[in-house]
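# Chain and residue survey
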Amino acid sequence: MEEEFSVDPSQLLEAASDFAHQLGALSDASAQEFLNRFPLPAIISALQTNVDFPGLESALVDCLERIFRTKYGTSLIPHYMPFVLVGLGADSQKVRQLACISISCLLENTDRRIAVQLVLQHGVYPLLLGCLIDGDEQVASASTDAIKAFASYPEGMEIIFPANTNEETHLESLAAKSSSLGRVRVLALIVKLFSTSSSVASEVSKSNLLNLLEAEVSNSNDTLVTLSVLELIYELVEVQHSAEFLSKTSILQLLSSIISNGAAESILRSRAMMITGRLLSKENAFAFNDESSLRDVLSAIDKRFDFLESREADECECALEALGQIGSSFQGATMILSTTPPIARHVVDAAFDRQQHGKQLAALHSLGNIAGETRTENTVLLTSAAEENLRSLIYDKASKTSKLTPSGLLLSVLQQDSEIRIAGYRLISGLVARAWCVMEIIPRAEIIDIVTNTLTETTKMAGMEARHRCCEAIYRAFTSSSKLASDPVVSCLASKLQEAIRRGPYGARKQSEAQPMVVTADRF
């Protein structure tokens, strides 16, 4: 039998390397042609008997991975399940990764009934969990993908989320007996499963698996482990359906506790703030979380500013960015402008403070979010109380500076470097929906000159388009104001805006580009 499957390893290495590095998608015909030259049993035999041949294992694994990802290759996997099972427990990390990928291909591209029957019949799931815990990073990732694919089957859901919490394969039990690295990998799997669909997220929630993330953060004294889990929570809150399920946990209270903990590492508080901002940037977060929890976490951020004015610049910028994230939603902006005193005061103060560039930049972008630059047109304006607080904060800030007026503050921003100026365009685009802001900006010819100058910005997406959107927002606000529209003094500025809009964001630059010149050669 060995002679029947014997292949010259040098020849196989060369062919497998060439095959694995073919450009573009691999066709079924190419896979079949290769296996006609080198039958799959011969390749498997070479993997098992020539492990010390330099470069052979890596080339064969890469080659087989590409083959198994084709429809033809996937059709062969059911006939070689014993090889896959051996691969899941192999010493070689490359082979284990290939085995995990094979299971993913089987579950995603084979008849559902056959695929799930094979996985259940051969007890594949516990082996995948072993790869998750004991494998290297690539093996753990491939195992996670295979388990996610298994979760798309009802039978898979029953295995992954068993009713009996004492099952060895229950993820809570698995985490309890794993090392810190193993626990983090289990938590990463939980987050990946949660993100798969709302129905899988519901099973994760009902199994109390989200509580494992809270427990790991609360009980760990290892900053790196805590930071890793916070990164997973950040990934979790980015999932569209996360707000509903996270509201059933104590994660918001946990974040408040970390932010309030002056003894904690600054990077942990910063990450907790960013997670809070991301979570509360969703409009439905305010429907699912009780107001007291929301106010507690905002209060925790508010109090940190007392310690951040002259220290921890990075943490201060994170706090400002978090408030901007929260303020990007209607409910969030309303809340941070309605606390007593408004927590948004920190954003307004920093937005017009030229002493620290990074801090000012973060604050300007955040204030743009609060002002509604990213919201839909009918949600730009907030409640009357919130709007009055926003207006008061900006006028109060202006009165305490040499600029005296909001238009003076905004002009100062537009006269700074490109990054600050672009953030200023965003801020004006949001603020100008307010009548008081229109009355400040339109009569200020210097502001109109800057935003209509198509030669000011050099970056396409960030600069030119932001400036053009600012022009459109100002002109839209001007035309909706009957008082300004009938004022002949400002009509010329409106015409200037209209012309800038007509030229588009990059119109003038097309005319200013260098043109090739053709000169007739001298003749002798």
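Up top is the structure these notes are about.
Everything in this summary refers to the structure shown in the same document. The numbering scheme is per chain: residues are counted from 1 as the chain's sequence reads. Local features in this predicted model are restricted to residues of pLDDT 70 or higher, and side-chain atom pairs are both shown and tallied only at a pLDDT of 80 or more, whereas totals for entire chains, interfaces and linings draw on every residue. Heavy atoms throughout the structure, all of them, feed into the side-chain values; hydrogens and water do not.

### Some remarks on the overall build of the protein
This is how it is decided: Helix and strand assignments follow DSSP, with helices taken as H or I runs no shorter than four residues and strands as E runs no shorter than two, numbered in order from the N terminus. Each radius of gyration reported is based on C-alpha atoms, and the globular scaling rule is 2.2 Å times the count of residues to the power 0.38. Only protein chains enter the accessibility calculation, which uses a 1.4 Å probe; a residue whose area is less than 20% of its type maximum is buried, one above 50% is exposed, and one in between is partly exposed. By definition, residues are in contact when any of their heavy atoms lie within 4.5 Å. Methods summary: accessible areas were calculated by the Shrake-Rupley approach with a probe of 1.4 Å, and residue burial reflects only the protein chains presented.
Scanning the protein for helices and strands turns up 34 helices and zero strands. Expected size for 524 residues packed as a compact globule is a radius of gyration near 24 Å; at 30 Å, the protein overshoots this value by more than 25%. Out of the 524 residues belonging to the protein, those deemed buried represent 52%. Sequence-distant contacts in the protein: of pairs separated by 6 or more residues, those separated by 24 or more amount to 71%. Counting every atom, the protein has about 24500 Å² of accessible surface; 50% of that belongs to carbon and sulfur.

### Details of the pattern of salt bridges
Filter applied, for reference: We define a salt bridge as a contact between a side-chain nitrogen of Lys or Arg and a carboxyl oxygen of Asp or Glu at a distance within 4 Å.
Tallied over the entire structure, the rule returns 18 salt bridges. The partner of Glu235 in a salt bridge is Lys192, and the shortest N-O contact between them spans 3.3 Å. Of this pair, Glu235 sits in helix H16 (residues 223-237) while Lys192 is found in helix H13 (residues 180-196), placing the two residues 43 residues apart along the sequence. Glu235 gets classed as partly exposed once you look at its relative accessible area, which sits at 31%. Ionic pairing is found between Glu315 and Arg269, a salt bridge with its closest N-O pair at 2.9 Å. Taken together, the positions of Glu315 in helix H22 (residues 313-327) and Arg269 in helix H19 (residues 266-280) put the pair 46 residues apart, joining distant regions of the chain. You'll find Glu315 and Arg269 in the same group, each marked buried.

### Re the packing of aromatic side chains
Under the convention used in this document: When two rings of Phe, Tyr or Trp (its six-membered ring) have centres within 6.5 Å they constitute a pair, described as stacked for plane angles under 30 degrees, edge-to-face for angles over 60, and tilted for the intermediate range. Whether a charge sits over a ring depends on NZ of Lys or CZ of Arg being within 6 Å of the ring centre and within 35 degrees of the ring normal.
All chains considered together, the criterion is met by six aromatic pairs. Positioned above the aromatic ring of Tyr153, the side-chain terminus of Arg112 is 4.2 Å from the ring centre. Over the face of the ring belonging to Tyr234 we find Arg271, whose NZ or CZ atom lies 4.4 Å from the ring centre.

### Side note on the packing of helix H18 (residues 251-260) against H19
Short version of the rule: As a rule, the C-alpha atoms of each element are fitted with a line to give its axis, helices using only the stretch in contact, and angles between N-to-C directions run from 0 to 180 degrees. Crossings are assigned a handedness: left-handed for a near helix turned anticlockwise from the far helix by less than a right angle, right-handed for a clockwise turn. Under this grouping Gly is polar, as are all residues other than the nonpolar Ala, Val, Leu, Ile, Met, Phe, Trp, Tyr, Cys and Pro and the charged Asp, Glu, Lys and Arg.
The interhelical angle for the contact between H18 and H19, taken along N-to-C directions, is 145°, at an axis separation of 8 Å. Judged by the sense of rotation from one axis to the other, the crossing of H18 with H19 is left-handed. Only Leu268, Arg269, Ala272, Met273, Ile275, Thr276 and Leu279 of H19 make contact with H18, whose side of the interface consists of Leu252, Leu255, Ile258 and Ile259. In terms of residue class, the contact of H18 with H19 is made up of nine nonpolar, one polar and one charged.

### Re the packing of H13 against helix H14 (residues 198-206)
The line we're drawing: To sort the angles, those under 35 degrees are grouped as roughly parallel, those over 145 as roughly antiparallel, those from 65 to 115 as roughly perpendicular, and the leftovers as oblique.
The geometry of H13 relative to H14 is characterised by a closest axis approach of 5 Å and an angle of 135° between their N-to-C directions. When the axes of H13 and H14 are compared, the pair comes out oblique. Here H13 contributes Ile190, Leu193, Phe194 and Thr196 to the contact with H14, which in turn contributes Val200, Ala201 and Val204. Looking at the contact of H13 with H14 residue by residue, the classes come out as six nonpolar, one polar and no charged.

### With respect to the nonpolar core
To be explicit about the condition: Put simply, buried Ala, Val, Leu, Ile, Met, Phe, Trp, Tyr and Cys residues joined by side-chain atoms within 4.5 Å make one nonpolar core.
Counting residues in each nonpolar core, the largest one holds 179 residues, and the members touching the most others are Phe34, Leu171, Leu193 and Ile474. Residues in contact with Leu171, not counting those within four places in the same chain, are Tyr125, Leu129, Ile160, Val186, Leu189, Ile190, Leu193, Leu209 and Leu212.

### Section: unusual backbone geometry
Between Thr340 and Pro341 the backbone carries a cis peptide bond, its omega angle lying at -10°. In this structure, Asn208 is a non-glycine residue whose phi angle is positive, near 60°. Asn208 sits in the partly exposed class, given a relative accessible area of 46%.

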